[in-house]
Amino acid sequence: MGMYTPFLLLFLLLTFSAALVSANFYSDFDITWGDDRAKILDNGQQLQLTLDRTSGCGIQSKQEYLFAKIDMQIKLIPGNSAGTVTTYYLSSQGPKHDEIDFEFLGNLSGDPYVMHTNVFAQGLGNREQQFYLWFDPTLDFHTYSVLWTPNQIIFSVDGTPVRVFKNRETELGKVDTNYHYPKSQAMRIYSTLWNADDWATRGGLVKTDWTKSPFAASFRNFNAVTSSSNSTAEEALDSNQERSLQWVQKNYMIYDYCADTKRFPQGLPPECK
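These figures come from a predicted structure and were not determined experimentally.

### Considering the environment of Gln63
Working step 1: Position of Gln63 relative to the elements: it lies in the loop between β4 (57–61) and β5 (68–75).
Working step 2: Owing to a relative accessible area of 43%, Gln63 belongs among the partly exposed residues under this scheme.
Working step 3: Separated by 35 residues in sequence, Gln63 and Asp28 place their C-alpha atoms 7.2 Å apart.
Working step 4: Setting aside residues up to four positions removed in sequence, Gln63 forms contacts with Met187 and Arg188.

Next up, the structure:
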């Protein structure tokens, strides 16, 4: 196998397989709200979401996925984006829905975006980790990926893993009946742009500057490949990826629910222990 680890081979296989199918926003997504604020451009190769004082907008995938490798290239709102939230996530429906989130919380010009991640299972979330990025996400497109398998969820940015959420249901479900892993509900892919200035930037202290609207975020090169791997060995990060994960979490993580003892005075969630 030489230089290729099982995880890397799986990653390359999924990426190559995805590249064989030309993703197209016309054929792969429906515009669900916001009227003409969501625009599909370049013969379906690019999507632009806009937000003005009246409304934001959103799309959802036509297809549902149960375990998949999902990639989307996103170029975020430049300049003063305070109060805005750009999202890219997977979700099922209903009060006990599952969800895997990327959310990008805007900020004042010159201040970094906050990349917010979360995992819901059976309607229960509260598993947030937040990061600054090590680049300006408004200058160019960057690839944000989710590898969702029966064993774990890996969040990656430009191929660098930033978060791993493992399925510990067999172990922890006996201890805490509230612990679940998203494994049985198929999910659609969503992207939205909306105003959340009551909480998004510095807890709502900084409001949206509507003189800067309309705000626009761009999306391209969507890929989704169904993954049915049950092998933890195939999904394991290699030593370089482990180091990259630790580097991101040490230098760029700004919030970890597993370290927030004030939020959980009765004890941290079971997967944190």
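### Focus on the pairing of strand β14 (residues 215–226)
Working step 1: The sheet contact formed by strand β3 (residues 46–51) and β14 spans 6 bridges and is antiparallel. Following the sheet pairing, Gln48 is matched in β14 by Ser218.
Working step 2: As judged from the 7 bridges shared by β5 and β14, these two strands associate in the antiparallel manner. Following the sheet pairing, Gln73 is matched in β14 by Arg220.

### Remarks on the nonpolar core
Working step 1: With 53 residues, the main nonpolar core has Met115, Tyr144, Trp148, Ile153 and Phe222 as its most contacted residues.
Working step 2: Not counting chain neighbours up to four residues away, the residues in contact with Ile153 comprise Ile100, Val119, Val146, Leu147, Trp148, Arg163, Val164, Phe165, Tyr181 and Pro182.
Working step 3: Listed in part, the 5 residues of the second largest apolar core include Val85, Val114, Ala196 and Ala200.

### Side note on the state of the cysteines
Working step 1: This structure, assessed with the given rule, holds 1 disulfide.
Working step 2: Disulfide pairing is shown between Cys258 and Cys272; the S-S distance is 1.9 Å. Since a negative S-S torsion denotes a left-handed disulfide, the Cys258-Cys272 link at about -75° is left-handed. Placement of Cys258 in the segment after β15 (253–256) and of Cys272 in the segment after β15 is noted, with a sequence separation of 14 residues between them.

Definitions and limits used
Here the residue numbering is sequential within each chain, running from 1 through the sequence in written order. Where totals are concerned, whole chains, interfaces and linings use all residues; where local detail is concerned, this predicted model gives features only for residues with pLDDT of at least 70, and gives and counts side-chain atom pairs only at 80 or more. The basis for the side-chain values is all heavy atoms of the structure; hydrogens and waters are excluded. Each helix corresponds to a stretch of at least 4 residues labelled H or I by DSSP, and each strand to a stretch of at least 2 residues labelled E; elements are numbered beginning at the N terminus. When accessible area is computed with a 1.4 Å probe and restricted to protein chains, residues below 20% of their type maximum are described as buried, those above 50% as exposed, and intermediate ones as partly exposed. Two residues qualify as a contact provided that any one of their heavy atoms is within 4.5 Å of a heavy atom in the partner residue. Strand pairing is defined by DSSP finding a minimum of two bridges between the two strands. The definition of a nonpolar core used throughout is a set of buried Ala, Val, Leu, Ile, Met, Phe, Trp, Tyr and Cys residues joined through side-chain atoms within 4.5 Å. The term disulfide is used for any two cysteine sulfur atoms that are within 2.5 Å.

Honestly, it's all geometry; don't read function into it.
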